[in-house]
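Notes for the structure review
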Number of protein chains: 2
Amino acid sequence: MALDETWFSEACEECGTAFSLKIKEKLHEQQTEFQKLEIYDTTAFGKLMVLDGFIMLTTRDNFLYHEMMSHPALFTAPHPRRVLIIGGGDCGTLREVLKHDSVELAQQIDIDEAVTRASEKYFPELCESNNDPRAELKFIDGIKWVAEAEAESYDVIIIDSTDPVGPAKGLFTEAFYRNCYRALSEGGVLVQQSESPLVHHRLLREIHEAMNGAGYSDVKTLPFPQPVYPSGWWSCTLAVKNDRATNFRERDSANKSFATRYYNIDIHRGALATPPMFIDEIGIR
Amino acid sequence: MALDETWFSEACEECGTAFSLKIKEKLHEQQTEFQKLEIYDTTAFGKLMVLDGFIMLTTRDNFLYHEMMSHPALFTAPHPRRVLIIGGGDCGTLREVLKHDSVELAQQIDIDEAVTRASEKYFPELCESNNDPRAELKFIDGIKWVAEAEAESYDVIIIDSTDPVGPAKGLFTEAFYRNCYRALSEGGVLVQQSESPLVHHRLLREIHEAMNGAGYSDVKTLPFPQPVYPSGWWSCTLAVKNDRATNFRERDSANKSFATRYYNIDIHRGALATPPMFIDEIGIR
């Protein structure tokens, strides 16, 4: 069957796959200073945000991504007080970060304010912590921000970026990871969304090489399901400053004071498992 | 964008999603006695098998499904000698089962011989163990076979079926699971492919209810990635006769004598993790 315009389809040419969501109506379309932003209402996945034709998130399944981009990193850092989020303009990662009582400052640095304004309107549940006194939202260049950050000024840095094309390209480089390393405290954790373990092997290798090259003592890819991204099998990659990525605060994770839908201590342990193909076929762990 | 006929698209109306693979050419089309069987060559996923319009498997990603449908169940049974596969006509599960040295008999009962003949031609790597002297392929009705099976004659029963519509509907019922229970030895394991934890909540609940109703002492759903199935997040559900599904032969799994691409002991442990949403939203564990 062919899929007509009642579907929003994102084709991944290099993957040879496409993923589509059935659309009720387009709610918003805007050419921002940086990208084309669209919001749709879908029949079964709630609201859908699209940037430059790429699916960013839906109401229904974003919890998987946002929980896995935040909680493993925060429970790996020994005492996460100061957290920096680069990208993440939809504010879903910020919300998860602020669930941690130890956090005193959570800065979200997204270059495009329009994304956050759209999220406030169409994904209000993701923005419910934006007025938390510990939250700080800045709409500036994250690469420059990290380059100029004070040494050891963050305990966790989360790269919640779009794909490594366009403005996000600089977020996948050794130079950027080295600046993050400098800005991280001892035992600090960098986490980067790192695409699909089924179809983005070269990128995953490059991320590992760049993180290792930047001086981190341990680099580990954690896979998780993310239905609306290519292949539905996604990952984040943790890089730790002078500690092991497998060494997380298990007791604190087991006794966490907040609710989650996907993450818990067993899921965290499970995500640290390395499928043989990671080593044998991708060349990562 | 619309997707034209250069893509094979499967729409899941109830999920509001569609998944598509870019096609090079159609290699085979046949109305079998039971269903419409198509084989395509794709640009990036190798060969694709389709039954009645539903994607069954591709060369590229079937290892995820086949490994997770077999190894957790076989490493949970205390000493799997006799294994029954209902469905599984592509022979990929059979191949994985026969990797276990303890297995003396692996019977594959698929109602449609045409599926196996097509698999031999287009997925020869999945059929490489079909001539193993321990393998037995029968093309008959699996529901009847199990109803007439001797008590305690199998150690593992694998329901490697299509979706619960058409001929596979009877494979998701309490009556069928009860016949499996009777046919299983003490500590024996039934495993059923159980669809998506994101979009098939009602079916997952029904499977658990039916398995519990049939007398199994423990029922547990193990999620895993499966890119070409709706949502890309899939699952199998284990039901154990008088033992715990979490109690598997860890030492044997750690020391397994054969290669896998996704499964290993850590993945097995990880798949036994229960995301909070399983309990809070689906009502399963």
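Values in this document were obtained by computation on a predicted structure and should not be read as measured data.

1. Brief notes about the overall build of chain A
When helices and strands are tallied, chain A shows 9 helices and 12 strands. Within chain A, the fraction of its 285 residues that count as buried is 64%. Across chain A, every contact between residues at least 6 apart in sequence was considered, and the portion connecting residues at least 24 apart equals 66%. Taken as a whole, chain A presents about 10200 Å² of accessible surface, with 47% of it coming from carbon and sulfur. Once the 29 positive and 44 negative side-chain charges of chain A are each reduced to a mean point, those two points are 3 Å apart.

2. Digging into the sheet that holds strand S12 (residues 233-240) of chain A
Residue and element names in this part refer to chain A. Ordered in space as S8-S7-S6-S9-S10-S12-S11, the 7 strands form an open sheet in which the pairing is mixed. Of all the strands in the sheet, just strand S8 (135-138) and strand S11 (218-225) have a single pairing partner and so form its edges. Sheet twist, expressed as the average angle between the axes of neighbouring strands with direction ignored, equals 15 degrees. Sheet topology places strand S10 (residues 184-193) next to S12; 5 bridges connect them, and they run antiparallel. In the strand pairing of S12, Val189 is matched with Val240.

3. So, the interface of chain A and chain B
Counting from both sides, the interface comprises 46 residues of chain A and, opposite them, 46 residues of chain B. Between chain A and chain B, roughly 3800 Å² of surface is buried when both sides are summed, and carbon and sulfur atoms account for 62% of that area. As a salt-bridge pair, Arg261 of chain B and Glu281 of chain A come within 2.8 Å of each other at their nearest N and O atoms. Along the contact surface separating chain A from chain B lie 13 residue pairs in polar contact (both at pLDDT 80 or more). Only strand S1 (7-12), strand S2 (17-31), helix H1 (62-76), helix H8 (265-271) and helix H9 (276-282) of chain A provide two or more residues apiece to the side of chain A that touches chain B. No other element matches the 6 residues that S2 of chain A contributes to the side of chain A that touches chain B. For S2 of chain A and strand S2 (residues 17-31) of chain B, the ladder comprises 5 bridges, and the chain directions are antiparallel. From the neighbouring strand, Ser20 of chain A faces S2 of chain B, where its bridge partner is Ala18 of chain B.

4. Points about the packing of aromatic side chains
Across all of its chains, the model carries 20 aromatic pairs over all chains by this definition. Seen from their ring centres, Phe176 of chain B and Tyr177 of chain B are 6.2 Å apart, and the 50 degrees between their planes marks the pair as tilted. Residue class for Phe176 of chain B comes out buried when judged on its relative accessible area of 3%. Taking the ring centre of Phe63 of chain A as reference, the NZ or CZ of Arg261 of chain A above it sits at 3.9 Å.

5. Looking at the packing of helix H5 (residues 174-183) of chain B against helix H6 (residues 201-213) of chain B
All names here are of chain B. Packing of H5 against H6 leaves a shortest axis separation of 8 Å and a crossing angle of 45 degrees. Overall, the two elements H5 and H6 adopt an arrangement that is oblique. In this structure, H5 crosses over H6, and the sense of that crossing is right-handed. Counting all contacts with H5, which are made through Glu174, Tyr177 and Arg178, the residues of H6 involved are Ile207, Glu209, Ala210, Met211 and Gly213. Of the residues assigned to the contact of H5 with H6, the class counts are 4 nonpolar, 1 polar and 3 charged.

6. Comments concerning the pairing of S10 of chain A
Residues and elements named next belong to chain A. Within S10, 9 of the 10 residues are buried, leaving the element largely enclosed by the surrounding structure. Bridge analysis of strand S9 (residues 154-160) against S10 gives 5 bridges, and the strand direction is parallel. Residue Ile158 lies in a different strand from S10, and its bridge partner there is Val191. The β-α-β motif built from S9, the intervening helix H5 (residues 174-183) and the parallel element S10 has right-handed crossover chirality.

7. Some details on the pattern of salt bridges
Opposite charge on two side chains permits them to pair, given that their charged atoms come into close proximity. Residue and element names in this part refer to chain A. Under the counting rule described, the total for this entry stands at 44 salt bridges over all chains. A salt bridge links Glu104 to Arg81, with the nearest nitrogen and oxygen atoms 3.7 Å apart. Placement of the pair is Glu104 in the loop between helix H2 (92-97) and strand S7 (105-109) and Arg81 in the loop between H1 and strand S6 (82-87), with a sequence separation of 23 residues. Judged by relative accessible area, which is 52%, Glu104 ranks as exposed. A network of salt bridges, in which partner residues are shared, links Lys26, Glu29, Lys36 and Glu38.

8. Looking at the relation of the copies chain A and chain B
Relative to chain B, chain A is turned by 180 degrees and slid 0.0 Å along the rotation axis, the superposed coordinates differing by an RMSD of 0.0 Å. Such values leave the two copies arranged in the relation of a two-fold axis. Taking C-alpha positions as reference, the residue of chain A nearest the rotation axis is Gly270 of chain A, located at 1.7 Å. With an isologous cut-off of 70% or more, the 100% of interface residues of chain A that recur at the interface of chain B puts this contact in the isologous class.

9. A short note on the environment of Ala259 of chain B
Here Ala259 of chain B is to be found in the loop between helix H7 (250-254) and helix H8 (265-271). C-alpha of Ala259 of chain B to C-alpha of Glu150 of chain B: the two residues are 109 residues apart in sequence and 33 Å apart in space.

10. Brief notes about the side chain of Ser70 of chain B
All names here are of chain B. Secondary-structure assignment places Ser70 in helix H1 (residues 62-76). Separated by 2.7 Å, the side chain of Ser70 and the backbone oxygen of His66 make a polar contact. Not counting residues up to four positions away in its chain, the partners in contact with Ser70 are Thr93, Glu96, Val97 and Ile158.

11. A few points about the domain arrangement of chain A
Residues and elements named next belong to chain A. Under the domain assignment, chain A is made up of domain 1 (7-58) and domain 2 (62-282). One C-alpha centre belongs to domain 1, the other to domain 2, and the line joining them spans 23 Å. Facing the 24 residues of domain 1 at the interface are 20 residues of domain 2. A buried area of about 1900 Å², summed over both sides, lies between domain 1 and domain 2, and 72% of it is on carbon and sulfur atoms.

12. A closer look at the pairing of S7 of chain A
All names here are of chain A. Across the 5 residues that make up S7, a large majority, 5, are buried. Taking every second residue as pointing to the same face, both faces of S7 are buried, with Leu105, Gln107 and Ile109 on one and Ala106 and Gln108 on the other. Relative to S7, S6 is paired through 5 bridges, and the arrangement is parallel. Looking at S7, one finds that Ile85 is bridged to Gln108. Each parallel crossover has a hand, and for S6 linked through H2 to S7 it is right-handed. Bridge count for S7 against S8 is 4 bridges, and the pairing is parallel. What sits directly across from Ile109, in S8, is Lys138. Read as a crossover between parallel neighbours, the route from S7 over helix H3 (residues 113-122) to S8 is right-handed.

The rules behind the values
- Residues numbered from 1 in each chain as written.
- Chains lettered and ligands numbered in written order.
- Predicted model: local features only at pLDDT ≥ 70, side-chain atom pairs only at ≥ 80, totals over all residues.
- Heavy atoms only, no water.
- Helix = DSSP H or I, 4+ residues; strand = E, 2+ residues; numbered from the N terminus.
- Buried < 20%, exposed > 50% of the residue type's maximum accessible area, 1.4 Å probe, protein only.
- Contact = heavy atoms within 4.5 Å.
- Areas by Shrake-Rupley, 256 points an atom, 1.4 Å probe, with all protein chains shown as cover.
- Lys, Arg positive; Asp, Glu negative; His and termini not counted.
- Charge placed at Lys NZ, Arg CZ, Asp CG, Glu CD.
- Pairing = 2+ DSSP bridges.
- Axes fitted to C-alpha atoms, helices over the stretch in contact; angles between N-to-C directions.
- Buried area = accessible area lost by both parts, 1.4 Å probe.
- Salt bridge = Lys/Arg side-chain N within 4 Å of Asp/Glu carboxyl O.
- Polar contact = N/O pair within 3.5 Å; in protein donor to acceptor, adjacent residues only side chain to side chain.
- Phe/Tyr/Trp six-rings, centres within 6.5 Å; stacked < 30°, edge-to-face > 60°.
- Lys NZ or Arg CZ within 6 Å of the ring centre and 35° of its normal.
- Parallel < 35°, antiparallel > 145°, perpendicular 65-115°, else oblique.
- Left-handed = near helix turned anticlockwise from the far one by under 90°.
- Nonpolar A, V, L, I, M, F, W, Y, C, P; charged D, E, K, R; others polar.
- Right-handed = clockwise from strand over helix to strand, strands pointing away.
- Least-squares fit on C-alpha atoms with pLDDT ≥ 70 in both.
- Domains from an automatic or database assignment.

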